[in-house]
Amino acid sequence: MPELTTQVLNLLATEPKLRPADMARRLSVPEWQLVSRLPSELIFTLPGIHGQTILEQVAEWGRVTTIMEVAGSVFEVKASLPKGRVGYGYYNLFGEPGQLHGHLKLDAIANISLQSKPHRGNEAYAIVFYDTDGDCIFKIYLGRDEQGTLFPEQVVAFNALKELKNV
């Protein structure tokens, strides 16, 4: 077993609540390099070419939490992902007030991970998009109701994304 894989598995065993981003920082590796070594029951990987398909599907799911981390700061948008359209080399999101708005460079997405790893003691599911350097571009966590319960239809839809591997 390669040394990094051993380090990742040891860190997971000793600190299972540690987020993949924090694990990567601890081991001084890009997040994708770490994530691609986590056990398959926690992580399912897809090539970046599925980015637009995933975004189009997630736009039908209802409220999710989109997260961007920049220089140690964490920004969150809790709303449905707006539908987008391709133009001028970007996937353009034109959200309503309160929704995400912006322009995503689709060809910058090299890899995607579907993460089923508990977060802060709660069941959590995230779709994470990585660039060619292995750094996280952004994350989409499945939504929760007012009691903090995951939307079950989103969990089903999340798991169905794994079928993209066969496309």
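Structural data are supplied above this passage.
Residues numbered from 1 in each chain as written. Predicted model: local features only at pLDDT ≥ 70, side-chain atom pairs only at ≥ 80, totals over all residues. Heavy atoms only, no water.

1. A word on the overall build of the protein
Check the secondary structure of the protein and you find 5 helices and 9 strands. Listing each helix as α and each strand as β along the protein from the N terminus yields α-α-α-β-α-β-β-β-β-β-β-β-β-α. For 167 residues, the compact-globule estimate of 2.2 N^0.38 gives 15 Å, and the C-alpha radius of gyration of the protein, at 16 Å, lies within 12% of that figure. Along the longest, intermediate and shortest principal axes, the C-alpha atoms of the protein span 45 × 40 × 35 Å. (Helix = DSSP H or I, 4+ residues; strand = E, 2+ residues; numbered from the N terminus. Rg over C-alpha atoms; globule rule 2.2 N^0.38 Å.)

2. Some remarks on the sheet that holds strand 5 (residues 90-94)
Taken together, 3 strands build an open sheet; the order of strands is 4-5-6 and the sheet is antiparallel. The open sheet has two free edges, formed respectively by strand 4 (84-87) and strand 6 (101-104), since each of these has just one partner strand. If you compare each strand with its neighbour and ignore which way they point, the axes differ by 25° on average. (Pairing = 2+ DSSP bridges. Axes fitted to C-alpha atoms, helices over the stretch in contact; angles between N-to-C directions.)

3. Quick word on the nonpolar core
In this structure, I54, L55, V58, W61, I127, F129 and I140 are the most contacted members of the largest nonpolar core, which totals 29 residues. Listed by contribution, the elements that provide at least two residues to this core are helix 4 (51-58), strand 3 (73-80), strand 5, strand 7 (111-115), strand 8 (126-130), strand 9 (136-141) and helix 5 (152-160). Of all hydrophobic cores here, the second largest spans 20 residues; its members include L11, L42, I67 and V128. (Core = buried A, V, L, I, M, F, W, Y, C linked by side-chain atoms within 4.5 Å. Buried < 20%, exposed > 50% of the residue type's maximum accessible area, 1.4 Å probe, protein only.)

4. A few points about the pattern of salt bridges
According to the stated counting rule, one finds 9 salt bridges in the structure shown. A salt bridge links E15 to R26, with the shortest nitrogen-to-oxygen separation between them at 2.6 Å. Taken as a pair, E15 in the loop between helix 1 (3-14) and helix 2 (20-27) and R26 in helix 2 lie far apart in primary sequence, 11 residues in all. K139 is paired through a salt bridge with E69; the nearest N and O atoms lie 3.5 Å apart. Of the two residues, K139 sits in strand 9 while E69 sits in strand 2 (residues 63-70), which places them 70 residues apart along the sequence. Overall, the relative accessible area of 6% leaves K139 in the buried class. Three or more residues joined by partner-sharing salt bridges are found here, namely R19, D22, R25, E31, E69 and K139. (Salt bridge = Lys/Arg side-chain N within 4 Å of Asp/Glu carboxyl O.)

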